[in-house]
Amino acid sequence: MLRIALQGIRDYYRDGSAMFFSLIFPIVMVASLGNILANLDNPDSSIGEIKIGYYAQAGAEAASSAEIFVSALGQADGIVFTEEKSEGAAKQSVADKGADAAMVFTGGDGVKVYEGGDDVKNRTVSMIAKGFARESAAYATAYGTVAAENPQNIPGLTDRLNARAADGETLTADRKFDGRTQSMMDFYAVTMIIMICFMGGGIGGASTMYLTKREGLLRRLAASPTRGGAIFIANIFVYIPVSIAQSLVIMLLSTLLFGAHYAATFAGNLLFFAFSVLLGMTVAAVCMLIGMFVKANPYMPFMAVLWTLLFISGSFNREIFIPGFSEYLPMNIMNRAAFELTLFGQSGLMLTAMAALAAILAATCVAGSLVLRRKERAL
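Residues numbered from 1 in each chain as written. Predicted model: local features only at pLDDT ≥ 70, side-chain atom pairs only at ≥ 80, totals over all residues. Heavy atoms only, no water.

## Observations regarding the pattern of salt bridges
Our working definition: Any carboxyl oxygen of Asp or Glu that lies within 4 Å of a side-chain nitrogen of Lys or Arg is treated as forming a salt bridge with it. Numbering of helices and strands runs from the N terminus, with a helix taken as a DSSP run of H or I at least four residues long and a strand as a DSSP run of E at least two residues long. Only protein chains enter the calculation, and the probe is 1.4 Å; a residue is then buried if its accessible area is under 20% of its type maximum, exposed if over 50%, and partly exposed in between.
Taken as a whole and judged by the stated rule, the model has two salt bridges. Here lysine 112 ties to glutamate 87 by a salt bridge, and the two come within 3.3 Å at their closest N and O atoms. Here glutamate 87 lies in helix 4 (residues 87–95) and lysine 112 lies in strand 4 (residues 110–115), a separation of 25 residues in the sequence. Judged by relative accessible area, which is 37%, lysine 112 ranks as partly exposed. Note on glutamate 87: relative accessible area 21%, which makes it partly exposed.

## Some words on the environment of serine 22
Relative to the helices and strands, serine 22 is located in helix 2 (residues 16–36). Between the alpha carbons of serine 22 and cysteine 197 there is a distance of 8.6 Å; along the sequence they are 175 residues apart.

## A closer look at helix 13 (residues 330–342)
This is how the line gets drawn: In a helix, the anticipated span is given by 1.5 Å times the number of residues less one.
The end-to-end C-alpha distance of helix 13, which contains 13 residues, comes to 18 Å, matching closely the 18 Å that a straight helix rising 1.5 Å per residue would cover. Among the 13 residues in helix 13, ten count as buried, and that is most of the element. Listing the buried residues of helix 13 in full gives Met331, Asn332, Met334, Asn335, Ala337, Ala338, Phe339, Glu340, Leu341 and Thr342.

## A closer look at the packing of aromatic side chains
This is how it is decided: Stacked, tilted and edge-to-face are the three classes assigned to paired rings of Phe, Tyr and Trp, where Trp is represented by its six-membered ring and a pair needs centres within 6.5 Å; plane angles under 30 degrees give stacked, over 60 edge-to-face, the rest tilted.
One pass over the structure, following the stated rule, counts seven aromatic pairs. Taking the centre distance of 5.0 Å and the plane angle of 80° together, the rings of phenylalanine 187 and tyrosine 188 count as edge-to-face. Judged on exposure class, the residue phenylalanine 187 and its partner tyrosine 188 are both buried. Put simply, the rings of Phe25, Trp307 and Phe316 pair up and form one aromatic cluster.

## Describing unusual backbone geometry
Not every positive phi belongs to a glycine, and lysine 97 is a case in point at roughly 65°. Take lysine 97: it is sitting in the loop between helix 4 and strand 3 (101–107). Residue classification places lysine 97 among the exposed residues on the basis of a relative accessible area of 68%.

## Observations concerning the packing of helix 11 (residues 266–291) against helix 14 (residues 348–372)
Threshold: Fitting a line to C-alpha atoms yields each axis, with helices limited to the stretch in contact; the angle taken between N-to-C directions then spans 0 to 180 degrees. Angle categories are assigned with fixed cut-offs, so that under 35 degrees is roughly parallel, over 145 is roughly antiparallel, 65 to 115 is roughly perpendicular, and the rest are oblique. For a crossing to be left-handed, the near helix must be turned anticlockwise from the far one by less than a right angle; the clockwise case is right-handed. We call two residues contacting when some pair of their heavy atoms lies within 4.5 Å. When residues are sorted by character, Ala, Val, Leu, Ile, Met, Phe, Trp, Tyr, Cys and Pro go into the nonpolar class, Asp, Glu, Lys and Arg into the charged class, and all the rest, Gly among them, into the polar class.
Across the interface, helix 11 lies against helix 14 with an axial gap of 9 Å and an inter-helix angle of 30°. When the interaxial angle is binned, helix 11 and helix 14 end up roughly parallel. Every pair of crossing elements has a handedness; the one defined by helix 11 and helix 14 is left-handed. Packed against helix 11, whose contacting residues are Leu271, Phe272, Ala274, Phe275, Leu278, Leu279, Met281, Thr282, Ala285, Val286 and Leu289, the element helix 14 presents Met350, Leu351, Ala353, Met354, Leu357, Ala358, Ile360, Leu361, Thr364, Ala367, Gly368 and Val371 at the interface. Grouping the constituent residues of the contact of helix 11 with helix 14 by class yields 20 nonpolar, three polar and no charged.

## Overview of the nonpolar core
Rule in force here: Throughout, nonpolar core names a set of buried Ala, Val, Leu, Ile, Met, Phe, Trp, Tyr and Cys residues whose side chains join them through atoms within 4.5 Å.
Formed by 66 residues in total, the largest nonpolar core has its most connected members in Phe272, Phe275, Leu279 and Met350. Elements with a contribution of two residues or more to this core: helix 2, helix 7 (184–214), helix 9 (228–237), helix 10 (239–258), helix 11, helix 12 (299–312), helix 13 and helix 14. Beyond its immediate sequence surroundings of up to four residues, phenylalanine 272 is in contact with Val190, Ile193, Met251, Tyr262, Ala338, Leu341 and Met350. With 14 residues, the next largest nonpolar core counts Ala66, Phe69, Met103 and Ala129 among its residues.

From the geometry alone we can't say anything about function, so treat these as descriptive.
Here it is as structure tokens:
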């Protein structure tokens, strides 16, 4: 098993075209796209109009809070509020895609948020809800302080607070944004790693098993004492150093040569690196399994299919997006997980994606091992 893996690694590093495609080509893409499209493209997501269904639970306090909030925020461009008859109706409006998100006011500073399928809009609505909660809590604190120390001033407190609000004063201070902006170089430094994981792993994995079978090597290995499972897994091991090398080289050169940024912390960069290695191995394993069944060289068909899917997933231009289709493509899901980490510092989606990738990799190893136990499959 180890000898099979070592031979595959030697063959890879002896292949000049493979080295160029996996190490040099992505860097060229980062440099060219990041510079050429710097003034033509927009790396940030366009939020667009946000439709929010809302409901105020029974009680004067909740209704009053909702009315004040909706009337104030409803004047902003791009935000449309629709009142629902119940909490269930508000939640259902999100499920039916009639609303992008739903807010349920429970009174005071309490508000529930039901999220839809757009991550950017979900984050926007959640931030709006948090702002409402903090402002409401500040007003409640002001009333509580006055009630405890100067109860005689309560009757005129509301008028004074409203007067201050009309003058642009609030009870909460705006905090300086600690997030990060994203340049086109940052955008392509991330997407090109994911691109080569799919292109390199997909084409390489499928071609490896096809050529191994066509040249008779798979038949000879199957006739040897080596078990079928060991043969398949050994070929997957080849992509461990390959994935490590391509991810490491692209990240280092993009950072040092072009000033690209990935995650804001070392731990975040380490997580993204592990994610890219796992992604490359998983794609290679799945395509290796497919390559065992194809009758013709899969190089060109796989290149055409993967390149097309990458294009319409927004990997080369975020504006190229087909609603109802692009968001379900694996490339788009992996891009979203990467940007959640690198741009917002949130690792939840990436950890979920890595768990799914690990499960797919394990299932593929089992399936490939079972297939190679049938000797006729190697013929």
